[in-house]
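Single-letter residue listing:
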There are 4 protein chains.
Amino acid sequence: MSSIRTDLALEAREIAGERTRQQEIQGVVVESIARDGITVTRVEVNSPAGEKSIGKPMGNYVTLEIPGIRDRDPEYEEKVSMQLAEEINRLVELDEKDTVLIVGLGNWNVTPDAVGPKVVERIMVTRHIFEFVPDQVDERMRPVCAISPGVLGITGMETGEIIKGVVERVKPDLVIAVDALASRKTERIGTTIQIADTGISPGAGIGNKRMGINMETLGVPTLAIGIPTVVYAYTIGKDSIEMVLKKLAEGAPREDSLQKVLSSLGEQDIDSVINEVLTQGLGDLVVTPKEVDVLIDDVCSMIADGINLAVHKGITLEEINRFLH
Amino acid sequence: MSSIRTDLALEAREIAGERTRQQEIQGVVVESIARDGITVTRVEVNSPAGEKSIGKPMGNYVTLEIPGIRDRDPEYEEKVSMQLAEEINRLVELDEKDTVLIVGLGNWNVTPDAVGPKVVERIMVTRHIFEFVPDQVDERMRPVCAISPGVLGITGMETGEIIKGVVERVKPDLVIAVDALASRKTERIGTTIQIADTGISPGAGIGNKRMGINMETLGVPTLAIGIPTVVYAYTIGKDSIEMVLKKLAEGAPREDSLQKVLSSLGEQDIDSVINEVLTQGLGDLVVTPKEVDVLIDDVCSMIADGINLAVHKGITLEEINRFLH
Amino acid sequence: MSSIRTDLALEAREIAGERTRQQEIQGVVVESIARDGITVTRVEVNSPAGEKSIGKPMGNYVTLEIPGIRDRDPEYEEKVSMQLAEEINRLVELDEKDTVLIVGLGNWNVTPDAVGPKVVERIMVTRHIFEFVPDQVDERMRPVCAISPGVLGITGMETGEIIKGVVERVKPDLVIAVDALASRKTERIGTTIQIADTGISPGAGIGNKRMGINMETLGVPTLAIGIPTVVYAYTIGKDSIEMVLKKLAEGAPREDSLQKVLSSLGEQDIDSVINEVLTQGLGDLVVTPKEVDVLIDDVCSMIADGINLAVHKGITLEEINRFLH
Amino acid sequence: MSSIRTDLALEAREIAGERTRQQEIQGVVVESIARDGITVTRVEVNSPAGEKSIGKPMGNYVTLEIPGIRDRDPEYEEKVSMQLAEEINRLVELDEKDTVLIVGLGNWNVTPDAVGPKVVERIMVTRHIFEFVPDQVDERMRPVCAISPGVLGITGMETGEIIKGVVERVKPDLVIAVDALASRKTERIGTTIQIADTGISPGAGIGNKRMGINMETLGVPTLAIGIPTVVYAYTIGKDSIEMVLKKLAEGAPREDSLQKVLSSLGEQDIDSVINEVLTQGLGDLVVTPKEVDVLIDDVCSMIADGINLAVHKGITLEEINRFLH
C-alpha cells in the first residue's frame with residue numbers, strides 16, 4: 001500500500017524507521033561495521049513483530065555495501081570476496097564433505113535479471129570429480145554442484161519445482177540461491193550484496209502461487225544471496241515527491257501558510273494522492289541504469305568467488321581462477 | 001535548464017506547448033494521420049524561431065507511433081515497415097543506382113544503446129555484389145553498404161571522424177544514421193520511430209566537441225532514424241512531482257490555503273526546488289525498462305526492413321528474408 | 001575398434017554394409033521416401049542381431065535429409081517442420097492433454113554442442129498457463145514444459161540425474177530430448193535430422209558411468225531428436241585414405257604389382273596402420289565447419305517448430321511465431 | 001599447387017623443406033629460441049627466391065609457440081604477453097607520442113573468425129583522452145585507437161577501403177592488424193601467435209580483388225598479428241594419407257612388391273590422385289575443434305595485453321586491468 005518496494009532488509013528497516021519516526025524497531029536488531037571501504041550491516045529479525053514491521057521473514061540478513069567496486073581495484077575486489085565468504089560461513093554450518101548446490105535464479109535473456117545465471121557460470125563445480133575421478137580431488141574441495149533452471153515463462157515449470165526435483169535426487173546439505181533484487185535507491189545497483197539465511201519467499205507471481213525456495217519447501221538449509229539491479233519507477237517518483245515536499249516545508253518560514261498546509265495534510269492524504277498518480281503511469285515499471293550490463297559483471301564475479309572461497313575451505317583466489325575456464 | 005530531455009521533436013513540441021500554454025508554436029508545423037494502428041506525425045521546424053522554441057534544428061521530423069507492436073502480429077509489423085519505407089522516401093531523393101551507406105550508431109555492449117548495430121545486422125548489404133559479381137545483381141537492388149563503427153570510448157575516435165573517412169572513400173549519395181533515443185515517457189520505449197532529415201546534431205559529449213553526423217559535416221544528405229530506449233530518471237521524478245502538485249491543487253477547495261499557496265508559488269520557485277532535489281540524486285541517470293532487450297528486438301527488425309524496402313525499390317519482405325542470413 | 005564414429009543409424013547401417021559388402025543387414029529394415037526435396041529414411045532395428053551389426057539399440061530411427069535448407073526458402077522450411085511433426089507423431093502416442101517435457105541437451109557455451117538449448121529457446125511452453133491461468137489456454141494447446149540443464153562439467157551433476165529429478169516432480173507423459181550429433185560426412189552438418197524412439201543411450205563419458213536418457217532410466221517414453229554438427233577428424237582422415245587406396249587400385253592395370261599388393265593386404269592390415277597413424281594425431285578431435293553458427297541456427301528453428309506442431313495439434317506456424325517472443 | 005594451405009611462415013618453411021628435402025631454403029633465415037615454455041621462432045624472408053619458395057612476401061615473421069596456455073597459469077600468461085610485447089617492439093620503431101591504430105579483422109558472428117574483434121575489445125584505447133581530456137593522460141600512455149570494421153559480406157565495403165578511410169583522417173603512425181589464421185596442424189589452434197611486419201597480403205576473395213592491408217595500401221607501417229583457429233579439411237586428409245603411405249613403406253620388407261610400387265609411383269602420381277579425391281569432398285572446407293570458443297578466449301586476452309604493453313611503455317598488466325572495463 002504505502003509500498004516503496006525493496007528486497008533489502010536494510011532498506012526495509014530504514015523505511016519502517018521513516019514511517020514510524022522511531023530510532024528502534026521492535027524485533028529488529030541492527031549492527032553495522034565499516035572496514036576497508038566495505039560496510040557490513042547485520043539485520044536480525046527476531047520476532048513476529050519485527051517480521052511485520054519490515055515485511056521480511058524472521059532470520060538474518062547481512063548486507064555488504066561496496067561502493068568502491070567502481071574503481072576496479074583488484075585488491076579491493078579480493079577483500080569483498082573474502083568478506084563475503086566470511087559472512088556466508090557465519091550463517092551456515094557444514095561438515096567437511098557436505099554437498100552444496102548453488103542455484104542461479106532469474107532469466108539470462110534479460111540483463112538485470114541475469115545475476116543468478118552469471119554467478120553460477122563462475123562457480124567452481126566439483127561434485128562430478130568426487131563421483132567419477134575421486135583421485136583428482138583436492139582435499140580442500142567439497143562436492144559442489146550448480147544449476148540455472150530458468151524462469152517460469154521459459155520452462156513452464158515453477159523454479160521451486162525444478163529445484164525440489166534436483167534436491168531430492170542429489171541430496172545436497174545446503175542450497176545457496178542467487179538472485180537479482182530490487183532496491184529503493186539507484187546508487188545501490190551493483191554496489192550492495194545481501195545474504196539471507198531465510199532463503200527466498202514465495203513471490204507475487206502469476207496467480208500468487210509461486211513456491212518459495214527455502215528450508216520449508218526444499219527440506220534443507222537454504223541461503224539466499226542477491227544484488228540490486230533494478231528500482232521500481234514508482235519508487236523514484238515517490239522519493240522525488242517526498243523530497244520536494246520536505247524541501248518546500250523547510251524553505252517556507254515557520255508561520256507561512258504553505259507550512260501549515262503541508263503539516264495539516266495527513267501523511268495519508270498525500271500518500272493516497274501520490275499512489276493514485278503514480279500507479280497509473282509507473283505502476284509495475286521497473287527501471288535500471290542503462291549500463292547495468294557493465295555494472296553487474298564485476299560484482300557477479302565477486303559473489304561467485306565469495307561462494308567459492310566459502311565452500312572450498314583453504315582454496316585461494318588464484319587457484320579458483322586456474323580451475324575455471 | 002528546466003530540462004525535460006527528449007530526442008523526439010514530437011515531445012519537444014509538446015513540452016514547448018505546456019510551457020507557453022499555447023496551442024501554436026511559431027515556426028513549427030505539425031500534422032498527424034492515424035491509420036491501421038499507426039500514427040504518423042510530421043513536425044516541420046521551418047524558422048529559427050521554431051528551432052529555438054523546441055530546441056531542434058530546422059528540418060523535418062516524422063514520428064511513427066506503433067503501440068500495436070506488442071501484439072506481435074506479423075501483418076502489423078509488415079505495415080509498419082512499409083509505412084516507414086514510404087516516409088523515408090518522402091524525405092529523400094535518390095537516383096536509380098545511387099549508393100546508400102547505413103550507419104549504426106551506439107554501443108553494442110550496452111543493450112539500450114545497441115539499436116544502431118542491431119538494425120545494421122539486418123540491412124540487405126549489396127554494394128560488394130555490384131563491385132565484384134555484377135552479374136548477380138538483381139536489377140531492383142541499389143548499392144547499399146553499412147557499418148557500426150562503435151562509440152568514442154571503444155574506438156578512441158569520434159564516430160563522426162570514422163564515418164567521414166568512410167564517406168570520403170566510398171562516396172555514398174545518402175547516409176542513413178540509426179541511433180537510440182531518449183524520450184520523455186516510458187511507454188514510448190520501443191514503440192515510436194523518428195525519422196529526421198537533419199541528421200544528428202553534435203551532442204554534449206566529452207568536452208562538448210563531438211562532431212555532428214549530418215549534411216554539414218559529411219557533405220552528403222543524411223537521414224537520422226531512431227527509437228527511444230531510455231528515459232532520464234530526472235524526467236520521471238519531475239513528471240511525478242508535477243502530477244502530484246496538480247492533483248493537490250485540483251483536489252483542494254477553491255478557497256483552501258493550499259490552493260493559495262500553490263498558486264502563489266511562482267512556476268520558477270517550484271522548478272528551482274525540483275531541480276535542486278533531482279539533480280543531486282538522479283542527475284544524469286538514464287533508466288530503461290528491464291525487458292528492453294526484448295522490447296527493441298522486434299522494432300529493430302522493422303526499422304531494418306523499412307530501410308531495406310525504401311532503398312531497394314520493388315523488393316518484397318519475403319525476398320529480404322531470403323537474402324539475409 | 002575400426003570405428004568410423006557416427007550417431008546416425010542411417011550411416012551406421014551404411015558402414016555395416018560397406019564392411020560386410022552385403023546389401024541386406026539382418027535385423028535392420030530400411031525404407032526411404034523422397035518428396036519435395038526432403039528424403040525420409042526409416043531404419044528399424046528389430047533384433048539383437050541388427051543391434052549388434054550397426055551398434056544402435058533396437059527401435060526406430062527416422063532421418064530427414066534436407067539439403068535444400070541452404071536456399072533459405074521459407075516454404076521449404078515450413079515443409080520440413082511439418083514433415084518432422086508428422087514423423088514425431090508416427091513414433092509417439094499421446095492423449096489429448098498429456099504433458100510433454102522437452103529437454104535441450106548440450107553445452108550452450110560451445111557452438112556445435114548448443115543445438116539442444118537453441119531448440120528449447122523456440123519451444124512453445126504452455127504448462128504454466130494450464131497451471132496458473134487456465135482460462136487463457138487455447139484448446140488446441142497441450143501442457144508443454146522445457147529445460148536445458150547444462151552438461152556435467154557445468155553442473156557437477158549428470159544430466160540424466162537432473163532430468164530424472166524433474167520428471168519425478170512434473171510427471172510428463174513423454175520426454176523429447178534434443179541433442180547435437182556426430183556424423184560421418186561433413187555435408188550432413190546442419191542438413192540431416194534424426195528422430196529415434198530409443199531415447200539416448202549412456203555415452204562414453206567420464207568413468208563410463210553416464211546415465212542414458214530413455215524409457216529405462218526415466219520411466220516414461222523418450223524420443224531423441226538430433227542433428228549432426230561435428231565430424232571426427234579421424235573420420236575425415238580414414239575416409240580420405242580409403243578413397244585414395246580405392247582410386248589407386250582402380251587406376252592401376254589389373255596385373256600391376258600395386259594391384260596385387262593392395263589386394264593382398266588384408267583389410268585388417270591396412271586398418272591397423274590407419275588406426276595407429278590417426279589415433280596419434282587426430283584421436284578424439286572433433287571438427288566442425290567454421291560457419292557452424294550460421295548453419296545450425298535455421299535447422300534449430302525448424303526442429304523447434306516441428307516439435308511445436310507435433311505437440312500442439314492444429315496450431316499454425318504463424319500462431320507459433322506470434323506466441324513466441 | 002599441391003597446396004597444404006597455411007598462414008604461418010613457420011609451417012610454410014617446413015613444407016618447403018619437406019618438398020625439397022633440403023635443410024636450407026635459399027632466402028629464408030630461421031632462428032629459434034625456447035625459454036620458460038615459450039618457443040620464439042624468427043623467420044626472415046630476405047630475397048625473392050625465399051618469397052617464392054615459401055609463398056610469403058619478404059619480411060619478418062615471428063612465431064610464439066605457447067602450448068602451456070592450456071594450464072591456465074596466470075604467471076605463464078603474463079610471460080607470454082610480455083614476450084609478445086618485446087617481439088612487437090623489435091619489429092617497429094615508434095616515437096614517444098606516435099599514434100597507433102589497432103584493427104580487428106574478421107567476422108564476430110563466426111567464432112573462429114572473431115579473433116580480431118575479440119582482441120580489439122581488450123585494447124587500452126586512449127586517443128580520445130589525449131584529444132578531449134589531456135590532463136587525465138598518464139605520461140606513459142600513447143594515443144591508441146581501435147576499430148573492428150567487419151567483413152565484406154557484412155559491410156558491402158572492402159575492409160581495406162574502410163581502414164584506408166580511417167587512416168587518412170586519423171593519420172596513425174603505425175597500424176596493427178589482428179586476424180585469425182589457418183594452420184596445418186590442429187594442435188596449433190589457439191597455441192601459436194604470429195607477428196609479421198609485412199602486414200596482410202591481398203587474399204583470394206570474391207573476384208580476387210581484395211586489397212591488402214599493409215604499408216603499400218595504407219601508406220603507414222603495418223604489423224599483422226594472428227593466431228590459427230582453423231585447419232583446412234583438405235590438410236587433414238592429405239596429411240593422413242601421407243602418413244599412411246609412409247607407414248606402409250616403412251613396414252614392408254625392403255624387397256616387397258608394395259615397397260617397389262610405392263617407390264615407383266612418382267610423387268606427382270600420388271599427389272594428383274590425392275588432389276582429385278580430396279578436392280571433391282573437402283575442397284574449401286575449413287574445420288576447427290568444437291571447443292574453439294574456449295581455446296581462443298585466453299589467447300586473445302594475451303595478445304591484447306601484449307599489444308597494450310608494447311604501445312604503452314611502462315604500464316603494468318595490473319594497471320591495464322584496472323583501465324579496462
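Computed from a predicted model, the values in this text were never measured in an experiment.

For the rest of this paragraph, the subject is the overall build of chain A. Looking only at helices and strands, chain A has 13 helices and 9 strands in total. A total accessible area of about 13,700 Å² is found for chain A, and carbon and sulfur atoms account for 47% of it.

The next thing to look at is empty space enclosed by the protein. In total, this model carries 2 cavities of 30 Å³ or more according to the counting rule given. In this structure, the largest cavity spans a volume of roughly 50 Å³. Along its surface, the largest cavity is lined by 13 residues, and Val292(C), Thr111(D), Pro112(D), Thr288(D) and Val292(D) are the ones closest to its centre. Sorting the residues of the lining of the largest cavity by element identifies strand 9 (286-289) and helix 12 (292-311) of chain C together with helix 12 (292-311) of chain D as the ones contributing at least two each. Estimated volume of the second largest cavity: approximately 40 Å³. In terms of lining residues, the second largest cavity is bounded by Thr111(A), Pro112(A), Thr288(A), Lys290(A), Val292(A), Asp293(A), Thr111(B), Pro112(B), Thr288(B), Lys290(B), Val292(B) and Asp293(B). Those elements giving two or more residues to the lining of the second largest cavity turn out to be helix 12 (292-311) of chain A together with helix 12 (292-311) of chain B. For the lining of the second largest cavity, the per-class residue count stands at 4 nonpolar, 4 polar and 4 charged.

Here we come to the environment of Glu86(B). Mapped onto the fold, Glu86(B) is located in helix 3 (residues 74-91). Along the primary structure Glu86(B) and Ile307(B) are separated by 221 residues, whereas in three dimensions their C-alpha atoms are 9.6 Å apart.

Right, let's talk about the nonpolar core for a bit. Among the nonpolar cores identified, the biggest contains 106 residues, and Ile307(A) and Ile307(B) are the most heavily contacted of them. Counting residues in each nonpolar core, the second largest holds 104 residues, with Val92(C), Val144(C), Ala146(C) and Met124(D) among its members.

Here we come to the relation of the copies chain A and chain C. Note on the copies: chain A fits chain C at an RMSD of 0.0 Å, the axial shift is 0.0 Å, and the rotation between them is 180°. Each copy turns onto its partner about a two-fold axis. Relative to the rotation axis, the C-alpha of Gly165(A) is the closest in chain A, positioned 2.1 Å from it. In this assembly, 100% of the residues forming the interface of chain A have copies in chain C that are likewise at the interface, indicating an isologous arrangement.

Contacts between chain B and chain A engage 35 residues on the former and 34 residues on the latter. For the chain B and chain A pair, buried surface summed over both sides reaches about 3,100 Å², with 78% attributable to carbon and sulfur atoms. Linking chain B to chain A there are 0 salt bridges. Summed over the shared surface of chain B and chain A, the number is 3 residue pairs in polar contact (both at pLDDT 80 or more). When contributions to the side of chain B that touches chain A are tallied by element, the ones reaching two or more residues are helix 9 (233-251), helix 10 (257-264), helix 11 (267-282) and strand 9 (286-289) of chain B. Examining the composition of the side of chain B that touches chain A, we find that 10 residues originate from one element, helix 9 of chain B, more than from any other. Where strand 9 (residues 286-289) of chain A and strand 9 of chain B come together, 3 bridges link them in antiparallel fashion. Along strand 9 of chain B, the bridge assignment pairs Thr288(A) with Thr288(B).

Facing the 28 residues of chain A at the interface are 28 residues of chain C. Across the interface of chain A and chain C, roughly 2,700 Å² is buried in total on both sides, 64% from carbon and sulfur atoms. Considering only the side of chain A, the residues that lose the most area to chain C are Phe132(A), Met157(A) and Arg169(A), jointly responsible for 26% of the buried surface there. Our enumeration of links across chain A and chain C arrives at 4 salt bridges. For the salt bridge of Glu161(C) with Arg127(A), the shortest nitrogen-to-oxygen distance reads 3.0 Å. Taken together, the elements giving at least two residues each to the side of chain A that touches chain C come down to helix 5 (127-132), strand 5 (144-147), helix 6 (152-155) and helix 7 (159-170) of chain A. In terms of residue count, the dominant contributor to the side of chain A that touches chain C is helix 7 of chain A (8 residues). Of the residues assigned to the side of chain A that touches chain C, the class counts are 15 nonpolar, 5 polar and 8 charged.

Residues and elements named next belong to chain A. Most of strand 3 (residues 59-65) sits inside the fold, with 5 of its 7 residues counted as buried. Pairing geometry for strand 2 (residues 38-45) and strand 3, over 7 bridges, is antiparallel. Following the sheet pairing, Glu44 is matched in strand 3 by Asn60. In the sheet, strand 3 pairs with strand 7 (residues 192-196) via 5 bridges, with the strands oriented antiparallel. Residue pairing in the sheet places Thr63 in a bridge with Gln194 of strand 7.

Per the stated rule, a full pass over the model turns up 0 aromatic pairs over all chains. Geometry around Tyr232(C) places Arg5(C) over its ring, the cationic atom sitting 4.0 Å from the centre.

Before going further, it helps to examine the domain arrangement of chain A. Residues and elements named next belong to chain A. Looking at the assigned domains, one finds that chain A contains domain 1 (9-234 + 285-324) and domain 2 (235-278). The centre of domain 1, based on its C-alpha atoms, is set 37 Å off from the matching centre of domain 2. Domain 1 puts 8 residues into the contact, and the matching count from domain 2 is 8 residues. Interface area for domain 1 against domain 2, summed over the two sides, is near 690 Å², with a carbon-plus-sulfur share of 46%. Of all residues in domain 1, Arg184, Ala233 and Tyr234 bury the most surface against domain 2, accounting for 72% of the area lost on that side. Run the count over domain 1 and domain 2 and you get 0 salt bridges. Connecting domain 1 to domain 2 are 2 residue pairs in polar contact (both at pLDDT 80 or more). In terms of residue class, the side of domain 1 that touches domain 2 is built from 5 nonpolar, 1 polar and 2 charged.

With that out of the way, let us pick up the confidence of the model for chain A. Residue and element names in this part refer to chain A. On average, chain A scores 87 in pLDDT, and the residues at 70 or more come to 88%. Segment residues 204-208: pLDDT under 50, and 5 contacts once partners within four positions in sequence are set aside and those in other chains are kept. On the interface metric, ipTM, the complex scores 0.90, and its pTM is 0.88.

With that settled, consider the relation of the copies chain B and chain A. Between the two copies of the chain lies a rotation about an axis combined with a shift along it. Aligned on chain A, chain B shows an RMSD of 0.1 Å; the corresponding rotation is 180° and the shift along the axis is 0.0 Å. Here 97% of the contact residues of chain B are again contact residues in chain A; the copies associate through an equivalent surface.

Let's shift gears to the environment of His128(B). When you line up the elements, His128(B) lands in helix 5 (residues 127-132). Distance in space between the C-alpha atoms of His128(B) and Lys164(B) is 20 Å, their sequence separation being 36 residues. Residues in contact with His128(B), not counting those within four places in the same chain, are Val133(B), Leu152(D), Gly153(D) and Gly156(D).

Here is what the cut-offs are and how they apply
Residues numbered from 1 in each chain as written. Chains lettered and ligands numbered in written order. Predicted model: local features only at pLDDT ≥ 70, side-chain atom pairs only at ≥ 80, totals over all residues. Heavy atoms only, no water. Helix = DSSP H or I, 4+ residues; strand = E, 2+ residues; numbered from the N terminus. Areas by Shrake-Rupley, 256 points an atom, 1.4 Å probe, with all protein chains shown as cover. 1 Å grid on protein atoms, 1.4 Å probe; cavity = no way out; pocket = protein on both sides within 12 Å on 5 of 7 lines; lining within 4 Å. Points joined across faces, edges and corners; volume = space filled by probe spheres on them. Nonpolar A, V, L, I, M, F, W, Y, C, P; charged D, E, K, R; others polar. Core = buried A, V, L, I, M, F, W, Y, C linked by side-chain atoms within 4.5 Å. Buried < 20%, exposed > 50% of the residue type's maximum accessible area, 1.4 Å probe, protein only. Least-squares fit on C-alpha atoms with pLDDT ≥ 70 in both. Contact = heavy atoms within 4.5 Å. Buried area = accessible area lost by both parts, 1.4 Å probe. Salt bridge = Lys/Arg side-chain N within 4 Å of Asp/Glu carboxyl O. Polar contact = N/O pair within 3.5 Å; in protein donor to acceptor, adjacent residues only side chain to side chain. Pairing = 2+ DSSP bridges. Phe/Tyr/Trp six-rings, centres within 6.5 Å; stacked < 30°, edge-to-face > 60°. Lys NZ or Arg CZ within 6 Å of the ring centre and 35° of its normal. Domains from an automatic or database assignment. pLDDT = per-residue confidence, 0-100.

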